[in-house]
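# Examining the three-dimensional arrangement
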Amino acid sequence: MNILLLFLPLSGIASLGVGLVCILRLAVKNRDNIITHQASTTSDYIPIVYVTAAAIIVYYIFLLYQGAAVHMEFRRARQAFCDKKIKEKPSYTKIKYGLDNFNNLAANRCAGNFLEQLIPFLVSLYLYATFVSVNGAVKFGWAWLFFRSYYLYVFKRGLPVLLLSTLPAYSCIWGMIGGTIYEVSQNGM
């Protein structure tokens, strides 16, 4: 039973990883079809759909890792209790919802921060594609995903290393929002 609790999230991560690779392959295969102007038909949004699907897959990878981290930390604590390295019997609930386990905190912040940034990212991505450029939105989108992908790693290293993920990702969002506002104001839309 215990190994199954660990296996399920890890197998989900592997499955989603394969899905992400497939989406990336489709995006690369169709990169020559990306239009350089603003989207005017639904088919113009196809490259944006790839970025959106990849973002959702990355989010679910982070969620599943969050669950796996709890299982791994609980197993580690239970083993330490059995080996008499700690005196208090570990509580799954305390490990999952407590703040005193740094690995769980990092996994929680990774999923939580991604979700917090996902809404402004998706809104700015679609606005930029609609009013400015599909090609530009795709470039911003893949860059944003790259910068968000290693957030867990830099979170564990703290400031100022953490800024190597957050500041470039914020810049992608603000670049798309700023570009959209500029384009709309210039063209009187």
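Being a predicted model, the structure only gives us computed values, none of them experimental. Along each chain, the written sequence defines residue order, and numbers are assigned to residues from 1. Local features in this predicted model are restricted to residues whose pLDDT is 70 or higher, and side-chain atom pairs enter the listing and the counts only when it is 80 or higher, whereas totals over whole chains, interfaces and linings include all residues. By convention in this description, side-chain values take in all heavy atoms of the structure and omit both hydrogens and water.

## Some details on the nonpolar core
The term nonpolar core refers to a set of buried residues drawn from Ala, Val, Leu, Ile, Met, Phe, Trp, Tyr and Cys, joined through side-chain atoms within 4.5 Å. Residue burial is assigned from relative accessible area. The probe radius is 1.4 Å, only protein chains are included, and a residue is buried under 20% of its type maximum, exposed over 50%, and partly exposed in between. One finds Ile48, Phe114, Phe121, Leu125, Val134, Trp144 and Leu145 to be the most contacted residues of the largest nonpolar core, which totals 34 residues. Looking at this core, the elements that each hand over two or more residues are α2 (46–82), α4 (102–131), α5 (134–149), α6 (151–155) and α7 (163–187). In this text, helices come from DSSP runs of H or I with a minimum length of four residues, and strands from runs of E with a minimum of two, each type numbered from the N-terminal end. It is α4 that contributes the most residues to this core, nine residues altogether.

## Remarks on the packing of α4 against α7
In this description, a line fitted to the C-alpha atoms serves as the axis of each element, helices being fitted only across the stretch in contact, and the angle between N-to-C directions of two axes falls anywhere from 0 to 180 degrees. The contact between α4 and α7 brings their axes to 9 Å, and the two run at 35°. The handedness of the crossing between α4 and α7 comes out as left-handed. Here α4 contributes Gln117, Pro120, Phe121, Ser124, Leu125, Leu127, Tyr128 and Phe131 to the contact with α7, which in turn contributes Tyr170, Ile173, Gly175, Met176, Ile177, Gly179, Thr180, Glu183 and Val184. Residues are grouped as follows: Ala, Val, Leu, Ile, Met, Phe, Trp, Tyr, Cys and Pro are nonpolar; Asp, Glu, Lys and Arg are charged; every other residue, Gly included, is polar. Its residues placed into classes, the contact of α4 with α7 shows 11 nonpolar, five polar and one charged. By the definition used in this description, the sense in which the near helix is turned from the far one sets the handedness, with an anticlockwise turn below a right angle giving left-handed and a clockwise turn giving right-handed. Residues count as neighbours in contact if any of their non-hydrogen atoms are within 4.5 Å of one another.

## Digging into a nonpolar patch on the surface
For patch building, the residue pool is restricted to those with more than 30% relative accessible area and no salt bridge; the joining distance is 9 Å between like charges and 5 Å between nonpolar side chains (Val, Leu, Ile, Met, Phe, Trp, Tyr). Here the accessible surface of atoms and residues is derived via Shrake-Rupley with a 1.4 Å probe, and residues count as covered only by protein chains that are part of the display. Definition used for salt bridges: Asp or Glu carboxyl oxygen within 4 Å of a side-chain nitrogen of Lys or Arg. Taken together, the side chains of Ile119, Val123 and Leu127 make up a nonpolar region of the molecular surface, amounting to roughly 250 Å² of accessible area. Along the chain, Ile119 falls in helix α4.

## Here's the deal with the packing of aromatic side chains
Under the pairing criterion, centres of Phe, Tyr and Trp rings, with the six-membered ring standing for Trp, must be within 6.5 Å; the plane angle then separates stacked pairs below 30 degrees from edge-to-face pairs above 60, leaving the rest tilted. Scanning the model with the defined rule gives 12 aromatic pairs in all. For the pair Tyr59 and Phe114, a centre-to-centre distance of 6.1 Å together with 15° between the ring planes defines the contact as stacked. Within this pair, whereas Tyr59 is found in helix α2, its partner Phe114 is found in helix α4, the two being separated by 55 residues in sequence. Taking the centre distance of 6.0 Å and the plane angle of 15° together, the rings of Phe102 and Phe155 count as stacked. Of this pair, Phe102 sits in helix α4 while Phe155 sits in helix α6; the two residues are 53 residues apart in sequence, bridging distant segments of the chain. Assessed through its relative accessible area of 17%, Phe155 is described here as buried. Positioned over the ring face of Tyr153 is Arg157, at 3.8 Å from the centre of the ring. We count a charge as sitting over a ring when the NZ of a lysine or the CZ of an arginine lies within 6 Å of the ring centre and within 35 degrees of the ring normal.

Don't take any of this as a statement about function, it's just geometry.
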